[in-house]
Amino acid sequence: MEPKDKVAIVTGASGGIGLATTKLLSNKGAKLALVSRSKSKLEQLSKELPDSIAVAADLSKVEDIKRMVKQTYDHFGRIDILVNNAGQGYDAPIEKIDVDTFHCIFDLDFLGPVVAMQQVIPIMRKQGGGSIMNVSSGLALMYLPGMSIYASLKRALAHISLTAREELKDDKIAVSVVYPYITITDFEKNTIKATERNWESSEDGDEEDGAPFKPDTAEYVAQKIIEGIETGEAEIFVHDWMKRTSSS
Ligand SMILES: NC(=O)c1ccc[n+]([C@@H]2O[C@H](COP(=O)([O-])OP(=O)(O)OC[C@H]3O[C@@H](n4cnc5c(N)ncnc54)[C@H](OP(=O)(O)O)[C@@H]3O)[C@@H](O)[C@H]2O)c1
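Caption draft 1: Summary view of the side chain of Asn-84. Relative to the helices and strands, Asn-84 is located in strand β4 (residues 81–84). For Asn-84, a relative accessible area of 4% gives the class buried. Other than its neighbours up to four places away in sequence, Asn-84 contacts Thr-11, Pro-113, Ala-116, Met-117, Ile-132, Met-133, Asn-134 and Val-135.

See the structure below:
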């Protein structure tokens, strides 16, 4: 789907991959609902991006997600693109996983995108189509100790995305999933950690099994997201070598 003149919701728009995605979509002529918890950051961004609105919402809360979709639809009168990007990491070995934290991460990283899809599907169906881009993670394709909950939820998100894609193809709603690799954002800082990890050691440019351990910029990942929206392809691996790590 070409973004020009389309209405797009981008969650996690206040920083990192979401922020870069909103800027690229705006450059391509999309109208935007900018969503995250940081109201003032979104309002500032909205001043910079034409045809955009700031929607402060906690994407781990079902009522906030419903309000996000309603507010966007009430303002623009349609919704063409949903980028489910907001998310948070949780770094804890299995035996140290805190059940309450697990629930919070589940609500944000998995349930939130599912509820957002549920809300936009009837709107897109009525309009004759749409594009849903769910942001998973390369970790969904790998087994990194400590990241089991996060990776499992991102894998579940990938699975439900591809199942929804089959369910919705006759409605011309293209559901896609993108697997970013390590990306330079505040993700690591915002990851809830049960133990300390030296994340820096994986950013030194070494190679193992063809995997370049050089992090990507948010703009690079955003470009891949836009290309995925434009082509409507099912799975977007930000690097070709990641396809070899996929066991799905
Ligand atoms: N960076 C990486 O290495 C990497 C790799 C693979 C996948 N990913 C995925 O890429 C996506 C974007 O991450 P990022 O790297 O850009 O991380 P980030 O810099 O930490 O940004 C996260 C974004 O999500 C928003 N957010 C967090 N919790 C929220 C909540 N409860 N409700 C609403 N918004 C919330 C944040 O805004 P507020 O704080 O304003 O709410 C922020 O805009 C995530 O789904 C992440 O899992 C990242």
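Caption draft 2: Looking closely at the site of the ligand. Around the ligand there are 29 residues in total, and Arg-37, Ser-38, Asn-85, Tyr-150 and Thr-185 lie nearest to it. Side-chain polar atom of Ser-14 to an oxygen atom of the ligand: 2.8 Å apart, as the coordinates give it. In the environment of the ligand, an oxygen atom lies 2.7 Å from a nitrogen or oxygen atom belonging to the backbone of Asn-85. Considering the ligand on its own, with 870 Å² of exposed area, one finds that the protein chains cover 92% of that surface. Secondary structure elements with two or more residues in the shell around the ligand: α1 (16–27), α5 (148–168) and α6 (187–190). Considered class by class, the residues forming the shell around the ligand number 12 nonpolar, 13 polar and 4 charged.

Caption draft 3: How the structure looks around the sheet that holds strand β6 (residues 130–135). The 7 strands are arranged β3-β2-β1-β4-β6-β7-β13 in an open sheet whose pairing can be described as parallel. The open sheet has two free edges, formed respectively by β3 (52–56) and β13 (235–237), since each of these has just one partner strand. Sheet twist, expressed as the mean angle between neighbouring strand axes with direction ignored, is 15°. As paired elements, strand β2 (residues 31–36) and β3 share 5 bridges and run parallel to each other. Pairing of Ser-36 across the sheet is with Ala-56, part of β3. Those strands touched by helix α2 (residues 39–48) are β2 and β3, and its axis lies near 175° from that of β3.

Caption draft 4: Geometry of the pairing of strand β7 (residues 173–179). The buried fraction of β7 is high, at 6 of 7 residues. Note that β6 and β7 share 6 bridges and pair parallel. Note that in β7 the partner of Met-133 across the bridge is Ser-176. Assessed by its sense of winding, the connection that carries the chain from β6 through α5 to β7 is right-handed.

Rules used throughout
- Residues numbered from 1 in each chain as written.
- Predicted model: local features only at pLDDT ≥ 70, side-chain atom pairs only at ≥ 80, totals over all residues.
- Heavy atoms only, no water.
- Helix = DSSP H or I, 4+ residues; strand = E, 2+ residues; numbered from the N terminus.
- Buried < 20%, exposed > 50% of the residue type's maximum accessible area, 1.4 Å probe, protein only.
- Contact = heavy atoms within 4.5 Å.
- Near = heavy atom within 4 Å.
- Polar contact = N/O pair within 3.5 Å; in protein donor to acceptor, adjacent residues only side chain to side chain.
- Areas by Shrake-Rupley, 256 points an atom, 1.4 Å probe, with all protein chains shown as cover.
- Nonpolar A, V, L, I, M, F, W, Y, C, P; charged D, E, K, R; others polar.
- Pairing = 2+ DSSP bridges.
- Axes fitted to C-alpha atoms, helices over the stretch in contact; angles between N-to-C directions.
- Right-handed = clockwise from strand over helix to strand, strands pointing away.

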